[in-house]
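Listed below, chain by chain, are the residues.
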Amino acid sequence: MDFALSARGQEYAARMWDFMREEVFPAEPVWADHLRTHGEHAYPPVMEDLKASARSRGLWNLFHPEVGGLTHTEYAAVAEITGWSPVIAPEAINCQAPDTGNMETLLLFATPEQRRTWLEPLLEGSIRSAYAMTEPDVASSDATNIELEIRREDEEYVLDGRKWWITGAADERCTLFIVMGRTDPSAAPQRRHSMVLVERDTPGMHIVRHLPIFGYQDQHGHSELRFENCRVPASALLGAEGDGFTIAQARLGPGRVHHAMRAIGMAERALALMVARARSRTAFGGPLIDQGVIQAHIADSRIAIDQARLLVQQCAWKLDTGPVKDAITQISEIKVAAPAAACTVIDKAIEVHGGAGVSDDTPLAYFAAWARVLRIVDGPDAVHRRTIARRELRRTPPYVG
C-alpha cells in the first residue's frame, strides 16, 4: 500500500490551499456578519462569489470519481483541507453533505428523468437537497426500524409520519427531499422500506422546527418534518419498492471518508491554533509553550491526527482498489476513530485557550460541538463498533495460545 499522494492529488491539494488562504478564510467573518444581521438561516451572498471562483479554479464536484475525476484517496486530501473551514469550504466547491451523498444516490438509482430534474441542478450547485431517514420515535441507527408510512394509492404514493435531524431543510434552496419510509410491513426486515423523491412545497410536508446542535443553529438547519397525507406521483419512487435499505447502505461508504477527513481538517486547525496560542501567552513565569503539559498536549494531538489520517487513507485506498463491501470494516473504523481524534485534539486546544476557547472568538467551540455530533450521525459509534466486532469474531487468527 502506497499512500503517497499522486501528482494530480498534490496539484489539487495545492490549488485548494491557495483557494482557502486567498478567499475562504477571509470570507469567514463576512459569512458570520451576514448571519448575525439577517438571521441564522439566511444565505450569505459571499457563497456565490466563492462558488464562482472555485469553478474557475477547477475545484468543483471533486467528491466522486465519475464526476470530479479524482480517486477517493486523492479527494480525501482535498476533503481534509476543507475541514479547516467546514461550514464554508465544502459548499464552496459543491462537495457538502448531504448533497454529495444524495448526488451519489441519484447517480446509482435514479431514472433518466429523475437525474435530469434533480441531479443536474445539484451538480450545478443551483439547488440543495436533504436526506430524510432519521425519526424521533424509533432507534434510527437501525434502518429497519423506520416507521414513516409510504403507501401506494393508484398512481401516487402517500406519506404519513415524522422525521427529524433532517439537514438542509432550513435553507430555501433545499428543494429536494429523499425520504425513506415503510412500504411493506410484512416483508423481510431489509425489504420493508423504499425511498421517494419529495419536492419542498409538496402539500402535506411540514417543517416543524429547526433543531440546534449544542445551541448552534447551522445556516442550512437540522430540522423536524411532519408528513400528513403527503402525496407524490408514483414516478417519484427511487429504485424499486423494497430497495430502501439497500440504497441507504450504498450512499454511506464514500461519504464517511469525506466526514472523517473533514474531521481531521478541523483537528489540524485546532492544533495550529493551540500552538499559536501557547507561543503567544505567558503564565507562571514563562511562555506556555515551555510547559511540559502543553508540549504533551501538542505531541498527543499530532499522534492522534496522524493515526486517524493513515486509517482513513487505507480506507480510501480500499475503496479505490475494490468494491465497497471489501472496505466495510475500515469504513466503520474511520467513522469511530476520526471524530474521536478530533474531539480529543479540539478539547486540548480549548484548554490551552481558556475562556477564549469556549467563546465565538475562535472556531473551537463550534468544532467541539460538530466533532461530537459526528460520533452520532451516519451511524453512532456503538453501531460501528458492533460491525467491527462482528467481523472480527468471524476472522480466523493465525495462532491462538
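Above this text is the structure in question.
Residues numbered from 1 in each chain as written. Predicted model: local features only at pLDDT ≥ 70, side-chain atom pairs only at ≥ 80, totals over all residues. Heavy atoms only, no water.

Draft legend 1. Looking closely at the packing of aromatic side chains. Counted by the stated rule, this structure contains three aromatic pairs. Ring geometry for W17 and W84: centres 5.2 Å apart, planes at 80 degrees, overall edge-to-face. On the criterion of sequence distance, the pair formed by W17 in helix 1 (residues 7-38) and W84 in the loop between helix 4 (72-82) and helix 5 (89-92) is long-range, its members being 67 residues apart. W17 gets classed as partly exposed once you look at its relative accessible area, which sits at 22%. Of note, R152 hangs over the ring of Y157, and the distance from its end group to the ring centre comes to 5.3 Å. One residue, R173, lies across the ring of Y43, its end atom 3.6 Å from the ring centre. (Phe/Tyr/Trp six-rings, centres within 6.5 Å; stacked < 30°, edge-to-face > 60°. Helix = DSSP H or I, 4+ residues; strand = E, 2+ residues; numbered from the N terminus. Buried < 20%, exposed > 50% of the residue type's maximum accessible area, 1.4 Å probe, protein only. Lys NZ or Arg CZ within 6 Å of the ring centre and 35° of its normal.)

Draft legend 2. Spotlight on the packing of helix 4 against helix 10 (residues 292-321). Two elements in contact, helix 4 and helix 10, have axes separated by 8 Å at closest approach and are oriented at 145 degrees. In contact with H72, T73 and E80 of helix 4, helix 10 contributes R309, A316, W317, L319 and D320. A class-by-class count of the residues in the contact of helix 4 with helix 10 yields three nonpolar, two polar and three charged. (Axes fitted to C-alpha atoms, helices over the stretch in contact; angles between N-to-C directions. Contact = heavy atoms within 4.5 Å. Nonpolar A, V, L, I, M, F, W, Y, C, P; charged D, E, K, R; others polar.)

Draft legend 3. Spotlight on a positive patch on the surface. Together, R386, R390, R391 and R394 line one region of the surface with positive charge. Residue classification places R391 among the partly exposed positions, given a relative accessible area of 30%. (Patch = residues over 30% accessible without salt bridge, like charges linked within 9 Å, V, L, I, M, F, W, Y side chains within 5 Å. Areas by Shrake-Rupley, 256 points an atom, 1.4 Å probe, with all protein chains shown as cover. Salt bridge = Lys/Arg side-chain N within 4 Å of Asp/Glu carboxyl O. Lys, Arg positive; Asp, Glu negative; His and termini not counted. Charge placed at Lys NZ, Arg CZ, Asp CG, Glu CD.)

Draft legend 4. The pairing of strand 4 (residues 174-182), seen in detail. In terms of burial, strand 4 is a largely internal element, seven of the nine residues being buried. Bridge count for strand 1 (residues 128-132) against strand 4 is five bridges, and the pairing is parallel. Within the sheet, the bridge partner assigned to R128 lies in strand 4 and is C174. Where strand 4 and strand 5 (residues 193-199) come together, seven bridges link them in antiparallel fashion. (Pairing = 2+ DSSP bridges.)

Draft legend 5. Examining the packing of helix 9 (residues 253-280) against helix 11 (residues 328-353) more closely. Two numbers describe how helix 9 lies on helix 11: the axes approach to 8 Å, and their chain directions differ by 20 degrees. Between helix 9 and helix 11, the interaxial angle falls into the category roughly parallel. In this structure, helix 9 meets helix 11 at a crossing whose hand is left-handed. Here the residues of the contact of helix 9 with helix 11 are counted per class, giving 19 nonpolar, two polar and four charged. (Parallel < 35°, antiparallel > 145°, perpendicular 65-115°, else oblique. Left-handed = near helix turned anticlockwise from the far one by under 90°.)

Draft legend 6. Helix 4, seen in detail. Most of helix 4 is tucked away: 11 of the 11 residues are buried. Looking at the packing, one finds that the buried side of helix 4 touches helix 1, helix 3 (65-68), helix 5, helix 9 and helix 10.

Draft legend 7. Quick look at unusual backbone geometry. Note the cis peptide between A97 and P98, where omega equals 0 degrees. With respect to the element layout, P98 can be found in the loop between helix 5 and helix 6 (99-109). Although it is not a glycine, W165 sits at a positive phi angle of roughly 60 degrees. The topology assignment puts W165 in strand 3 (residues 156-167).

Draft legend 8. Spotlight on the pairing of strand 7 (residues 222-233). Strand direction decides the pairing type here: strand 3 and strand 7, joined by nine bridges, are antiparallel. By the bridge assignment for strand 7, T167 is matched with H222. Sheet topology note: the strand 6 (residues 205-210)/strand 7 ladder contains five bridges and is antiparallel. Residue pairing across strands places I207 opposite L225, the latter belonging to strand 7.

Draft legend 9. Quick look at helix 1. For helix 1, built from 32 residues, the straight-helix expectation of 46 Å at 1.5 Å per residue is met to within 8% by its first-to-last C-alpha distance of 43 Å. Along helix 1, the sharpest kink reaches roughly 45 degrees, centred on M20. Taken together, the buried positions of helix 1 are G9, Y12, A13, M16, F19, M20, V24, A27, W31, H34 and L35. (Expected span 1.5 Å × (residues − 1). Bend = angle between axes of the 7 residues up to and from the residue.)

Draft legend 10. The environment of G379, seen in detail. Along the chain, G379 turns up in the loop between helix 12 (364-373) and helix 13 (381-393). A C-alpha to C-alpha distance of 9.5 Å links G379 and V336, two positions 43 residues apart in sequence. With residues near it in sequence (within four places) discarded, G379 still touches R256, K335 and H384.

Draft legend 11. Layout of the pattern of salt bridges. Applying the stated rule across the entire model yields 34 salt bridges. Here E124 ties to R55 by a salt bridge, and the two come within 3.3 Å at their closest N and O atoms. Of this pair, E124 sits in helix 7 (residues 112-124) while R55 is found in helix 2 (residues 46-56), placing the two residues 69 residues apart along the sequence. With a relative accessible area of 47%, E124 lands in the partly exposed category. R152 serves as the salt-bridge partner of E155, at 3.6 Å between the closest nitrogen and oxygen.

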